[in-house]
Amino acid sequence: MQNQLFINGKWSPAKSGAIFDVVDPSNREVFHQVARGGAADIEAAVAAAREAFDNGPWPRMSGARRAGILRKMGDEIAARSNELAHLEVRDNGKPLPEAVWDIEDTAGCFHFYADLAERLDNDAEEDIPLPMETFTVKAVREPVGVAGAIIPWNFPMLMAAWKVAPALAAGCTMVLKPSELTPLTALEYGSIAEKAGLPAGVLNIVTGYGPEAGQPLTEHPGVDKLAFTGSVPTGSKIMQAAARDIKTISLELGGKSPLVVFGDVEVDEAVEWILFGIFWNQGEVCSATSRVLIEESIYPRLMERLVEETRKIKIGHGLEEGVLLGPLVSQGQHEKVLAAIERGKAEGATLVTGGGVPAGLEQGCYVEPTIFAEVPTESWIWKEEIFGPVVCIRTFQSEEEAVRLANDTRFGLGAAVMSNDLERANRVARAFRAGIVWINCSQPTFTEAPWGGYKQSGIGRELGEWGLNNYLETKQITTYDRSAPWGWYLRE
């Protein structure tokens, strides 16, 4: 496990010498320490990234050469998948099968963007047709410059890949600031970059706290683009900081995603997707379908099965076989989720199951999978993101009512609908005001497809070609045909 900052291709302690603890959420014990970077370290990292972009080889390489290094990084991640997955469990708390899936997706993300980097060799220039022959115009796509990326703690290595891989593919250089709660797999990118032969200064990694490292990164005039995944309040601050220097930004923020279940579906199928939509990754998922709307005709039967299956979920340490729900990421998050549950009860929601700390697991940051029913639409738990294993359920009578309730939110990241009537399902999907919509499922995510939200869920899209475009600028180059008649002011 690395414990130092990675700046300009070298490992070094924070300039202040400060460190901070890394805590295992399964038992709240400190198991590692890493450098606590600050403004001076951000300054050094941005300087290294700036030099690597302005004068280094990376943005001037062909896409094919960059692709070769990206593939090596993906291969190294795949080769170390078991080690990295275990590290993710220790750092984040998620069950091992989920961590393995994350690391496999991380490797795949680098391979995907390697392919797009190669395509840039042919796609970076486009001739623009004109109505006159004396000029020719090209649209040229170029890397935006130095990117600053701040990533969350719920999918530590994978969320970093969503930013690092497309930025490198585009030819950008980067300063990466991982969450202080889960810094370890992000630091491993330094070792992976070294082994793959990534030039010094192209990727720099500074661990530390938001006010000490994240804020200096967002405010640094040497950063051309900011990419952030996290909370709405922090995203708003980053947007304000970017406005001062007119920086390009992409924001992937919170959600309170609805899942609408019509009465014509198979109950067990609906139960499976409700469970997956909220309890995967302990509910610490920005797109989690945490508001479930069930048509009245199947509500009693579906709720009976949902409660029955929820109570079967095995809770425990992420490395224990058969565990489907691990601890929350930190004591702070644990306290926030338990407080939200108490608030839900106080506001009149009916606690159907869960709501407490599992017996025998009091030493860790565990919360039982929790179901609230008859949740008032004006209550805090119906409107706000809890980011834990808590689902809020209401009934509806008509399609129009379901769509209205689903869209009645300041968020717009994800939404899902389940129905055997595909015409209706598609109609509802198009009526949702959300950037990611699932039909007869919840939460599948593909590197090839765009990811991002409407309203306060963010700005821009990650993944797919959209993710690459986040890190590209478009330049117009116009050429005059000197053999054509010329002169405007100088005339014979």
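Note that this is a predicted model, so its numbers are computed, not measured.

Counting secondary structure elements, the protein contains 15 helices and 22 strands. Relative to the compact-globule value of 23 Å for 492 residues, the protein shows a C-alpha radius of gyration of 24 Å, a close match. Looking at the protein residue by residue over its 492 residues, the buried ones come to 56%. Distance from the positive charge centre (46 side chains) to the negative charge centre (67 side chains) of the protein: 4 Å.

In the structure shown here, the tally under the stated rule is 29 salt bridges. With its nearest N and O atoms 2.8 Å apart, the salt bridge here joins Lys-163 to Glu-462. Pair noted here: Lys-163 is in helix 5 (residues 156-170) and Glu-462 is in the loop between strand 21 (458-459) and helix 15 (464-469), with a separation of 299 residues, a long-range link. Under the relative-accessibility criterion, Glu-462 is labelled buried at 5%. For the salt bridge of Asp-268 with Arg-305, the shortest nitrogen-to-oxygen distance reads 2.9 Å. Of the two residues, Asp-268 sits in helix 9 (residues 267-279) while Arg-305 sits in helix 10 (residues 299-310), which places them 37 residues apart along the sequence. A relative accessible area of 45% means that Asp-268 is categorised as partly exposed. Judged by relative accessible area, which is 22%, Arg-305 ranks as partly exposed. Bridged by salt links that share partners, the residues Asp-268, Arg-305, Glu-308, Glu-309 and Lys-312 form one connected network.

Before going further, it helps to spend a moment on the nonpolar core. As a rule of thumb, nonpolar side chains are buried together in soluble globular proteins. One finds Leu-176, Tyr-189 and Leu-302 to be the most contacted residues of the largest nonpolar core, which totals 102 residues. It is helix 5 that provides the largest number of residues to this core, a total of twelve residues. In terms of nonpolar packing, the next biggest core, distinct from the first, is built from 28 residues, Leu-328, Val-337, Ala-349 and Ile-386 among them.

An ideal rise of 1.5 Å per residue puts 18 Å on 13 residues; helix 6 (residues 184-196) measures up with 19 Å between its terminal C-alpha atoms. Within the sequence span of helix 6, burial applies to Leu-184, Thr-185, Ala-186, Leu-187, Glu-188, Tyr-189, Gly-190, Ser-191, Ile-192, Ala-193 and Ala-196. Of the residues one or two after helix 6, Gly-197 is the one with positive phi, at around 85°.

Turning to the sheet that holds strand 15 (residues 370-373), a few remarks are in order. Sheet architecture is open: seven strands sit in the order 14-15-16-13-12-18-19, paired in mixed fashion. The sheet terminates laterally at strand 14 (350-353) and strand 19 (436-439), the two strands that pair on one side only. Taking the axes of each pair of neighbouring strands and ignoring which way they run, one obtains an average angle of 20° across the sheet. Across the sheet, helix 10 is in contact with strand 12 (258-261), strand 13 (291-295), strand 14, strand 15 and strand 16 (390-396); its angle to strand 15 comes to roughly 160°.

The next subject is the packing of helix 2 (residues 63-79) against helix 6. Closest axis-to-axis distance for the helix 2/helix 6 pair is 9 Å, and the angle between their directions is 125°. Between helix 2 and helix 6, the angle falls in the class oblique. With respect to the hand of their crossing, helix 2 and helix 6 are arranged in right-handed fashion. In this structure, helix 2 uses Ile-69, Lys-72, Met-73, Glu-76 and Ile-77 to contact helix 6, whose residues at the interface are Tyr-189, Ile-192, Ala-193, Lys-195 and Ala-196.

This part covers the pairing of strand 16. Among the seven residues in strand 16, five count as buried, and that is most of the element. Across five bridges, the pairing between strand 13 and strand 16 is parallel. When the bridges of strand 16 are listed, Glu-295 appears paired with Phe-396. In this structure, strand 15 lies alongside strand 16, joined through four bridges in parallel fashion. Within the sheet, the bridge partner assigned to Ala-373 lies in strand 16 and is Ile-393.

What follows is about the pairing of strand 7 (residues 146-150). With five of five residues buried, strand 7 is to be regarded as a mostly interior element. Along strand 7, one buried face is formed by Val-146, Gly-148 and Ile-150 and the opposite face, lined by Ala-147 and Ala-149, is buried too. By the bridge criterion, five bridges tie strand 7 to strand 8 (residues 173-177) in an arrangement that is parallel. In the sheet register, Ala-149 faces strand 8, and the bridge partner there is Leu-176. After leaving strand 7, the chain enters helix 5 and then returns to the sheet as strand 8, a path that is right-handed.

What follows deals with the state of the cysteines. Applying the stated criterion across every chain, the model contains zero disulfides. The thiol sulfur of Cys-109 is not disulfide-bonded, and the nearest other cysteine sulfur, from Cys-172, lies at 15 Å. In this model Cys-286 remains outside any disulfide bridge; the closest cysteine sulfur is found in Cys-109, 15 Å from its own.

With that out of the way, let us pick up the sheet that holds strand 5 (residues 125-128). If you trace the three strands from one edge of the open sheet to the other, you get 5-6-22, paired in antiparallel fashion. Here the strands that pair on one side only, and so sit at the sheet edges, are strand 5 and strand 22 (472-480). Between one strand axis and the next, the sheet turns through 25° on average, direction left out of account. With four bridges connecting them, strand 5 and strand 6 (residues 135-143) associate as antiparallel partners. By the bridge assignment, Glu-126 is partnered in strand 6 with Ala-139.

Quick look at the environment of Trp-486 now. Among the structural elements, Trp-486 can be located in the segment after strand 22. Spatially, the C-alpha atoms of Trp-486 and Glu-118 are 40 Å apart, while their sequence positions differ by 368 residues.

Calculation criteria
Residues numbered from 1 in each chain as written. Predicted model: local features only at pLDDT ≥ 70, side-chain atom pairs only at ≥ 80, totals over all residues. Heavy atoms only, no water. Helix = DSSP H or I, 4+ residues; strand = E, 2+ residues; numbered from the N terminus. Rg over C-alpha atoms; globule rule 2.2 N^0.38 Å. Buried < 20%, exposed > 50% of the residue type's maximum accessible area, 1.4 Å probe, protein only. Lys, Arg positive; Asp, Glu negative; His and termini not counted. Charge placed at Lys NZ, Arg CZ, Asp CG, Glu CD. Salt bridge = Lys/Arg side-chain N within 4 Å of Asp/Glu carboxyl O. Core = buried A, V, L, I, M, F, W, Y, C linked by side-chain atoms within 4.5 Å. Expected span 1.5 Å × (residues − 1). Pairing = 2+ DSSP bridges. Axes fitted to C-alpha atoms, helices over the stretch in contact; angles between N-to-C directions. Contact = heavy atoms within 4.5 Å. Parallel < 35°, antiparallel > 145°, perpendicular 65-115°, else oblique. Left-handed = near helix turned anticlockwise from the far one by under 90°. Right-handed = clockwise from strand over helix to strand, strands pointing away. Disulfide = S-S within 2.5 Å.

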